[in-house]
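Spelled out from the first residue to the last, the chains are:
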Amino acid sequence: MTTNLALWLAIGAGVLAILYGIVSARWIVAQPAGNARMQEIAAAIQAGAKAYLNRQYTTIAMVGVVLFFILAFALDWAIAGGFAIGAVLSGLAGYIGMNVSVRANVRTAHAASVGLDPALQVAFRGGAITGMLVVGLACSAWRATSCS
């Protein structure tokens, strides 16, 4: 297999992973969110998760900026740029994944009142989104940095 073909296969796999994440996230959000009490609890969990992520990513961003400049001056600006692209896309995958997972939780609880199979479908898709986005965005970051 040539390097060029391997590169395009990796990009294709990344695009498919991102598309799966988008389709699954839309499917999750389209599922019933349960009764008013379930939605009230879910809203509180979503607010807590958002506050946690915002605080965590603020701290990580400060460390990331320092590392960016260390890499830029110690090694090369292109390497620092690759680090920045990877860090941003990784953070994006985590942020989207957490938000979808929190929304999937209440939908999984509601689906469990219908049956085990619907609950497992919602839970599996909700959990798979983060993994697929990490893979898909990692392929995007690899592609962006390998072309520079």
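None of these values were measured; they are calculated from a predicted model.

## Notes on the overall build of the protein chain
Here comes step 1: Each helix and strand counted, the protein chain has four helices and zero strands in total.
Here comes step 2: Reading the protein chain from its N end, one meets helices and strands in the order α-α-α-α.
Here comes step 3: Expected size for 148 residues packed as a compact globule is a radius of gyration near 15 Å; at 19 Å, the protein chain overshoots this value by more than 25%.
Here comes step 4: For the protein chain, with 148 residues in total, the buried portion stands at 27%.

## Quick look at the confidence of the model for the protein chain
Here comes step 1: Of all residues in the protein chain, 93% attain a pLDDT of 70 or more, and the chain-wide mean is 87.
Here comes step 2: Ranking the helices and strands of the protein chain by mean pLDDT puts helix H2 (residues 36-74) first, with 94, and helix H4 (residues 116-146) last, with 80.

## What to know about the packing of H2 against helix H3 (residues 77-114)
For any two helices packed against each other, the geometry is given by the interaxial angle and the distance between the axes.
Here comes step 1: At their nearest, the axes of H2 and H3 sit 10 Å apart, and the two run at 170° to each other. On the basis of their axis angle, the class for H2 and H3 is roughly antiparallel.
Here comes step 2: Tallied by class, residues from the contact of H2 with H3 come to 22 nonpolar, nine polar and two charged.

## Some thoughts on the packing of aromatic side chains
Here comes step 1: Inspection of every chain in the model, using the stated rule, returns six aromatic pairs.
Here comes step 2: Aromatic pair tyrosine 57 and tyrosine 95: ring centres 6.0 Å apart, planes at 45°, arrangement tilted. One end of the pair, tyrosine 57, is in helix H2; the other, tyrosine 95, is in helix H3, with 38 residues separating them in the sequence.
Here comes step 3: The exposure class of tyrosine 95 is partly exposed, given its relative accessible area of 24%.

## Regarding the pattern of salt bridges
Here comes step 1: Scanning all chains against the criterion turns up one salt bridge.
Here comes step 2: The salt bridge partner of glutamate 40 is arginine 37, with a shortest N-O separation of 3.2 Å. On the criterion of helical spacing, the pair formed by glutamate 40 and arginine 37 is a turn pair, its members being three residues apart in helix H2.

About the thresholds
- Residues numbered from 1 in each chain as written.
- Predicted model: local features only at pLDDT ≥ 70, side-chain atom pairs only at ≥ 80, totals over all residues.
- Heavy atoms only, no water.
- Helix = DSSP H or I, 4+ residues; strand = E, 2+ residues; numbered from the N terminus.
- Rg over C-alpha atoms; globule rule 2.2 N^0.38 Å.
- Buried < 20%, exposed > 50% of the residue type's maximum accessible area, 1.4 Å probe, protein only.
- pLDDT = per-residue confidence, 0-100.
- Axes fitted to C-alpha atoms, helices over the stretch in contact; angles between N-to-C directions.
- Parallel < 35°, antiparallel > 145°, perpendicular 65-115°, else oblique.
- Nonpolar A, V, L, I, M, F, W, Y, C, P; charged D, E, K, R; others polar.
- Phe/Tyr/Trp six-rings, centres within 6.5 Å; stacked < 30°, edge-to-face > 60°.
- Salt bridge = Lys/Arg side-chain N within 4 Å of Asp/Glu carboxyl O.

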